[in-house]
Each structure stands twice: as structure tokens, then as C-alpha cells.
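Spelled out from the first residue to the last, the chains are:
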Protein chains: 2
Amino acid sequence: MTQLVKGEIVAVGTELLLGQIVNSNAQWISQELANRGVGVFYHTVVGDNLSRLEAQFKESAERSDLIIITGGLGPTDDDLTREAAANVMGKDIIQDDEALASIEAYYARNNQQMTPNNKRQARIIEGGDLLHNRVGMAPGFVVQQGQKLWVFLPGVPREMKAILEDDGFKYIEKYFNINQTIQSRMLRFIGIGESQLEHDLKDLIEGQSNPTIAPLASAGEVGLRLTARSDSEEKAVSLIEEAEQEIKKRIGKYCYGTDQDTIQSKVMQLLREKELTISAAESITGGRFTDTLVSFEGASSICKGGIVSYSNESKKSLLDIPELILGEYGAISEACAMSMAVNVSEKLNSDIGISFTGVAGPDPSEGQEVGTVYIGIYVDENQPIVKCFHFNGDRDMIRHRSVKKGYELLYNLLKS
Amino acid sequence: MTQLVKGEIVAVGTELLLGQIVNSNAQWISQELANRGVGVFYHTVVGDNLSRLEAQFKESAERSDLIIITGGLGPTDDDLTREAAANVMGKDIIQDDEALASIEAYYARNNQQMTPNNKRQARIIEGGDLLHNRVGMAPGFVVQQGQKLWVFLPGVPREMKAILEDDGFKYIEKYFNINQTIQSRMLRFIGIGESQLEHDLKDLIEGQSNPTIAPLASAGEVGLRLTARSDSEEKAVSLIEEAEQEIKKRIGKYCYGTDQDTIQSKVMQLLREKELTISAAESITGGRFTDTLVSFEGASSICKGGIVSYSNESKKSLLDIPELILGEYGAISEACAMSMAVNVSEKLNSDIGISFTGVAGPDPSEGQEVGTVYIGIYVDENQPIVKCFHFNGDRDMIRHRSVKKGYELLYNLLKS
């Protein structure tokens, strides 16, 4: 392929504009095209309206080489994708015998009655090539116009996917003579903010074009997506690895993994490698930390269990937190977090004990402001560690951040 | 409102075009605007590229009255939404002191280091009005241009939603003097399958056009969305209530609530009304049930806490489950579930004890197949109830269904 293919995806359907469904088709197609080195520059959703469809298709034809259209090919009169596209191309719509035969065969297979309407779905734009539909009734089709390729697909996700996977992508690759690949890797960082990361990598992010380097923030951590283009997978990967080395020289200490890794999975992996067991004493997090441990297969060899000591009463009865600590320092204190971590590891006979106590809100508690959270960690016979944090956000976000931070502390501890 | 407001939604972000995330923002905003009688005619996704953004905004300004833009307002240099829109409007970008103050306050609250980059997020288009951001760092803003209204929002869904719900929608309704209304109500059912519900309401679902009646299935329950149009809220509401009455005549016994109700919130409400406390002994669910209790404000007066007895060892040490039961019947048994429910309520001194034990998979356990789950409930001095279920799905789905079913059992028990 001499140059980057410019692609776009147009979804047709009023149900998308009413918010009844989400445009997951565009996401899936975009991922697949990126892996084939096709750049997707626009997603558009238009309703079932002839003039708006025509206006959109005109513009798409002006700016893109590859136009993938999903939806609006159904049997009813408000399915206008064919008509609008044919008008824009100045082509006719014809009845395709092969398409009709496959539709009739579909109804025969399913012992269903075919309505006259369904014949409409055998209509394609003249000069088009059929794309077989393995899982549904109506086939898709492609139309070549000048240097451009139009691809028409049903809106039903599983039919759209099957058609592209069976025939569609091969047709696209052949038509555009695609022999280039895009490789992508997500580097995952925790303990550094998005702007700090951007600040430390400013020159790379601005200077780099292959691979491109794009920061992506999510609650409590930051991702950095490296995307490299080349004519071979090996070259693309080595481009990514060069950039990765330079990035890690600067902020490697915050990098915990790549791609599908999560801070939770990395902690589970380290616990498994070191053959350590863990238990949790949770107040503010209410069992959420233990839940994330148990969500992993084979958690039983690592997670002994936990105690949700949400009431002071249960802190005493289940965790033997001394009345002195609760009275003198309060339940939201370094002393209480320390005692919770130590006692839960003893109660559950685990190598590690972790504790969470704090104020999730909406109201302050024990004179401490909303978002104040103490996290304690006790490992074997070592001196327990307790850290205090102030998280922002609503009740759920504060509890979410608390759990995430617990994993960050565990990761840094286990890694060293 | 004299005529229909023409709206469109533009999402800015290369991560959308790479298929890394789906444009759920457009779906949610579209639903909310539909409920306010605003027509959404286009969804567009554009990358972080100045000239493409300018071209898109030019076109949006030509065809729409209301232009809602999500994303591209972040601290980094590839966030270009402000610049592109300002160029299209022929306006300047200014530093807003109020915005800067709120950003600085955010960093102060979180004890985080503010980098020069973050100041960029205090920049808005001249003449714009701030939209307060309750849950995040940077505010959104609106700009009036002639008869058009531009709304600029962060791409992070929870921030985008909070800003629109707090300030944004009010601003839009006032600006366009919206009085034509679409009212919508979700009826929520549990204990009845989607196909059974559709069968029982077939004639209504097919016959009704105002309100429309749309079933919506989600894990473990079914929703039914009634949507009515009218020129007054009262008329629309009464249309909905007529339909609701007919529906409840048929399947009312499965209906637990409406709209924002969840089976969890209904159970919390019943516990609060009856002044009952609860505690949980969780094995398969690993703390997830207790976590959902604690997610509610004021949970401390209802939830005493819980014990995650994930290992047999902890079932003995923390819950005093007799060796006899574990040896004779096993941990995944009616006897164990019963003992867990009774003992946790005694250990935590709560009126109600609930227990979950089962096989989440991927492998069978104690000769029981994946998806087998026992749920026990003990209320005061009554005979404990234990039910056995067989859930389909992966590990996470089985654990999710278990928690949901626990709430369903509690709801039916507390209701009667």
C-alpha cells in the first residue's frame, strides 16, 4: 500500500440517535481496521432520512477512500441506505438473483414464511459484489466507485461481524493492496497523574509520529498507547519497543504492565509467585477489595477471606480492635488501620493483612472530612505500614479509589 | 418551544476512532435529550486534529441549533476542542478565574501536585458560562452564538453526566424555552423472564404507540420502558399511568419499582422502614453482597458488616461452621449455607443473616457443577431458609447473579 487508506464508518438508524442502542459496531470495525493499517477518521450516525443520508454520503465520498455503512438495509420502507447511496453515486438499484436465492434459502432453512418485503433485501446497487451472510438473512455488498470502496452491511452486530470476517475484510485488503500493519501496545502506569506523565514525556509525545504516543487517563491510573505502522509486524513491534525503552528510562518506576494487565492481576501474580496468602479488614470499602481478589480464578490458594467490620461493634467483636483505640483515636485513624491489618492477618492466618478505614461521605465522620482514607498493610512479622489519603469524588469514587490505592501499595511492596 | 430543537453530538477523541472505547456518551445524552423533546440528528466522532475538528464544527454550526461536544478539553496539547471551536466562532480563548480557582481547589483537596498543564483546563471561549463539575477537576462551559448554543463537556462519562444533570440540561431547557415534553418511566421487574413478560403483554407492546412500551432485559431482571409524548408533563404522565395500571393488572406481582429504583435500593428501603439490621457470610460472592449494601449512604445503621469465609479454614475460625458439616455435607451444601447464615447473624448481632456458597468455576468443586449456588437467609428466631440455584455464565456472571438473587429473596421476604 503506497499511502494510508482513509476510512470512515457511517451508521444508519434512528434507534441510535434516540439512544436506544450504542454504536458498538463502529468500535469493533475501528479496532479491526486499525489492525489492518486502515486509518478511521470519522464515525457518523445518521437517521433513516433520505436527504440527510444523501448529504452525509456525498461528504463521505469527498473525504474518504473506504466508506463502511452499517444499517438501513432492512425490509421496510424506512430503510433508505441503498436509495441514498445509489443517488449519490448516480447508479441504479437492481434486484440480485443470487441475493434473492440466499434469502429464499434462509427462509426455507428456518421454515419461516417469506413476506414480499423481504425481496427488497435482495436489491443491491448496480455493479456491486455480494458479501455472504453466514448467520443472517440478507447479504451485504460492496460497490467500487472510482478509487473508492463502499461497503454496505446490516446493522445487527453478529451479522455485520460475520460478513466482514468471512468476506469483507479480505475484499478490503485486496482492493487497497494492504500489506501494512499497525501494531499497538498500551503501557499502564499507576502513582503518576496524567499531567505529570504528559509533562515528563512532552517532547516524545509531540515529536513522535511512528509510533504515536497517546495518554489515556482512567480512575486512579494512566495508560499510554503506542501505535506503530510498518510493512511488517516485526518492524512495527521493534518501533514500539524502542519508544517503550525511552519512556521507561524516564517514568518506568510507575509502569506496572501492558495491554490486558491490571494492577489487580499483577498483584495476584506476585502473590502467587511469592506463595503469599492475604486477607482484608474492610470498613469503608465494605468488601469490595476482597471481592476483586475473589474475582480471579484460583483465588482460593491466595485469598483466605476477609472481615467487613463496618460497625465499631464488629471491629471489636470480629477483629478485637481495643476499645482504647476506638475511644482514643477513633475508627478512622492510623492506629485503627494498623490494628485492623495486623489482627485480620492473625484471625485468618494469612501472610498479609490489609485494612481500609475512612469517610466515604456524604457527611464527615469523627470530625474527619469526606475522602479521608487510611490504608494499613501488615506483612509477616514486619512493622505494619499505614498511609493516609484524601480522595475526591462521590461515595462510589472514593471507595473505588481506596481499593485501587490498596492494590498500588501492595504492588510496590511486593515488587521490591 | 415553537419548533423542534435540532441537536447533534460531537465526540472528540482518537481513542474512539481506534475502537479503544465505545461512544456511550452519545447514547446517554441522546436519551436525555429525547426525554426533553430535543431531536438529535447526528452523532459524530472526530479525532484530535485541528483542521478536521474545525471542518466538523463549521458543518455542525450550519445544520444544528444545539451542538454538544464531549472530549478534547483535557490538559494535554492534543486536546484541541477549545481551539477549533473558537476559530470557527471567531472568538478568543480566555483564562477563566473561577475555573482556575476550582481546579486549584481540586488539587488542594487531593494533595496532588498541579502541573502548568492543568491551567490549560481553566481556559474557556470568551463570553462562555461555566458549568460546575461536581465529580471531577475541570468544569464544562456553554457558549451562545447567534441562535445557537454550544455545550462543551469532558469526555469522562461520569463527569459529563454530573455536569449535564446539575447545570447543563437546565441551561439548555431555559435557552430553548422547551415546553414540549416526552415523559418516560421504567417499570422494573424481577422473578419473571423477558420472554414470559413479552408473552403476557404482547397485545399491549404491539398495539400501543403513546406511550410506547419497550422491554429491556438485563442480568437477572427485566425493565419495561414507557415513553409518552404530549404538550404538557401532566398529560404525558397520565398517559403513562394508564398504561402502567393495565400492565400491573397482569404482572404486577413481579414489579418491584420504577426508574432509579434498584432491587438493592428497595431492599435497603425496606430494611430501614422495618428497622432491621443485616450481616452477610460470603464465600462464592467474596464480599460483593456486603459491598453493595455499603455503597448506600447511611448504610451504617443497617449493615453490621460481614465475613468473607472464602476458605474452609475461615468458615471454621470466623463462623464456627462445625467440622461435621464441612466433612459430612461439604462447604457447598444446604447445611453449610444454613449454618453460615445463622452464625453470621449471631457473630455480628444482626436481625438478618444471609449467606452465599457455591461454585463460580471455571472448574467444578466438591463434585458440584459450575453455577451451583446455595443462598441462606436467617431472620430473627425464624427457621432459616436455604435455596439452591443453577446459574449460567462465566465466573463473574455467576457471582453477579448470586448477589442479585440474594436481593430478590430478601425483597420478597421483607415485602410480605
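These numbers were taken from a predicted model, which means no experiment stands behind them. (Residues numbered from 1 in each chain as written. Chains lettered and ligands numbered in written order. Predicted model: local features only at pLDDT ≥ 70, side-chain atom pairs only at ≥ 80, totals over all residues. Heavy atoms only, no water.)

Draft legend 1. Looking closely at the packing of aromatic side chains. This structure, assessed with the given rule, holds 20 aromatic pairs over all chains. With a centroid separation of 4.6 Å and 15° between ring planes, the pair formed by Phe141 of chain A and Phe152 of chain A is classed as stacked. Of this pair, Phe141 of chain A sits in strand β7 (residues 140–145) while Phe152 of chain A is found in strand β8 (residues 148–153), placing the two residues eleven residues apart along the sequence. A single burial state applies to Phe141 of chain A and to Phe152 of chain A, both of which are buried. A ring pair is formed by Tyr106 of chain B and Tyr107 of chain B, whose centres lie 5.5 Å apart and whose planes are at 75°; its orientation type is edge-to-face. With respect to class, Tyr106 of chain B is no different from Tyr107 of chain B; both count as buried. Each member of the aromatic cluster is reached from another via a ring pair, and the members are Phe57, Phe141, Trp150 and Phe152 of chain A. Its guanidinium or amino end placed over the ring of Phe169 of chain A, Arg36 of chain A lies 4.0 Å from that ring's centre, counting from NZ or CZ. (Phe/Tyr/Trp six-rings, centres within 6.5 Å; stacked < 30°, edge-to-face > 60°. Helix = DSSP H or I, 4+ residues; strand = E, 2+ residues; numbered from the N terminus. Buried < 20%, exposed > 50% of the residue type's maximum accessible area, 1.4 Å probe, protein only. Lys NZ or Arg CZ within 6 Å of the ring centre and 35° of its normal.)

Draft legend 2. Structural detail: the side chain of Lys315 of chain A. Residue and element names in this part refer to chain A. Mapped onto the fold, Lys315 is located in helix α13 (residues 312–319). One buried charged residue, Lys315, remains without a salt bridge, the closest side chain of opposite sign being Glu366 at 7.2 Å. Excluding residues within four positions of it along the chain, Lys315 makes contact with Ser283, Ser309, Tyr310, Asp320, Ile321, Leu326, Ala331, Cys336 and Met340. (Lys, Arg positive; Asp, Glu negative; His and termini not counted. Salt bridge = Lys/Arg side-chain N within 4 Å of Asp/Glu carboxyl O. Contact = heavy atoms within 4.5 Å.)

Draft legend 3. Region of interest: the pairing of strand β10 (residues 212–218) of chain A. Residue and element names in this part refer to chain A. When β10 meets strand β11 (residues 221–230), the two strands line up antiparallel, connected through seven bridges. Residue pairing across strands places Pro215 opposite Leu224, the latter belonging to β11. The antiparallel pairing of β10 with β11 creates a hairpin that spans two residues between the two strands, and Gly220 there sits at a positive phi of about 85°. (Pairing = 2+ DSSP bridges.)

Draft legend 4. Expanded view of the sheet that holds strand β9 (residues 181–190) of chain A. All names here are of chain A. With antiparallel pairing, the four strands of this open sheet are ordered in space as β10-β11-β9-β12. The sheet terminates laterally at β10 and β12 (255–258), the two strands that pair on one side only. The average undirected angle you get between the axes of adjacent strands in this sheet is 25°. When β9 meets β12, the two strands line up antiparallel, connected through three bridges. What sits directly across from Leu187, in β12, is Thr258. Against the sheet, helix α10 (residues 233–251) engages β9, β10, β11 and β12, with an angle of about 20° to β9. (Axes fitted to C-alpha atoms, helices over the stretch in contact; angles between N-to-C directions.)

Draft legend 5. Region of the structure containing the sheet that holds strand β1 (residues 5–12) of chain A. On the basis of which strands lie adjacent, the open sheet formed by twelve strands has the order β6(A)-β7(A)-β8(A)-β3(A)-β1(A)-β2(A)-β2(B)-β1(B)-β3(B)-β8(B)-β7(B)-β6(B) and mixed pairing. At either margin of the open sheet sits one strand with a lone partner, and together these are β6 (129–131) of chain A together with β6 (129–131) of chain B. Within the sheet, the average angular offset between the axes of one strand and its neighbour, ignoring direction, is 20°.

Draft legend 6. Local environment of the packing of helix α10 (residues 263–273) of chain B against helix α15 (residues 395–415) of chain B. Residue and element names in this part refer to chain B. Between α10 and α15, the shortest axis-to-axis distance is 9 Å and the interhelical angle comes to 40°. In the packing of α10 onto α15, the handedness of the crossing is left-handed. Each of Ile263, Gln264, Lys266, Val267, Leu270 and Leu271 in α10 lies in contact with α15, whose residues at this interface are Lys404, Tyr407, Glu408, Leu410, Tyr411, Leu414 and Lys415. A class-by-class count of the residues in the contact of α10 with α15 yields eight nonpolar, one polar and four charged. (Left-handed = near helix turned anticlockwise from the far one by under 90°. Nonpolar A, V, L, I, M, F, W, Y, C, P; charged D, E, K, R; others polar.)

Draft legend 7. The environment of Asn312 of chain B, seen in detail. Residue and element names in this part refer to chain B. Mapped onto the fold, Asn312 is located in helix α12 (residues 312–319). Residue class for Asn312 comes out partly exposed when judged on its relative accessible area of 35%. Separated by 230 residues in sequence, Asn312 and Arg82 have C-alpha atoms that sit 58 Å apart.

Draft legend 8. A look at the domain arrangement of chain A. Parsing chain A into structural domains produces domain 1 (5–176), domain 2 (181–258) and domain 3 (263–415). Its C-alpha centre places domain 1 of chain A at a distance of 35 Å from the equivalent point of domain 2 of chain A. (Domains from an automatic or database assignment.)

Draft legend 9. Representation of the interface of chain B and chain A in the model. Counting from both sides, the interface comprises 72 residues of chain B and, opposite them, 73 residues of chain A. With both chains or domains summed, chain B and chain A bury close to 5800 Å², and 52% of this area falls on carbon and sulfur atoms. A salt bridge links Asp291 of chain A to Arg288 of chain B, with the nearest nitrogen and oxygen atoms 3.0 Å apart. At the boundary of chain B with chain A, the tally comes to 34 residue pairs in polar contact (both at pLDDT 80 or more). The class makeup of the residues in the side of chain B that touches chain A is 26 nonpolar, 30 polar and 16 charged. By the bridge criterion, three bridges tie strand β14 (residues 303–308) of chain A to strand β14 (residues 303–308) of chain B in an arrangement that is antiparallel. By the bridge assignment, Gly306 of chain A is partnered in β14 of chain B with Val308 of chain B. (Buried area = accessible area lost by both parts, 1.4 Å probe. Polar contact = N/O pair within 3.5 Å; in protein donor to acceptor, adjacent residues only side chain to side chain.)

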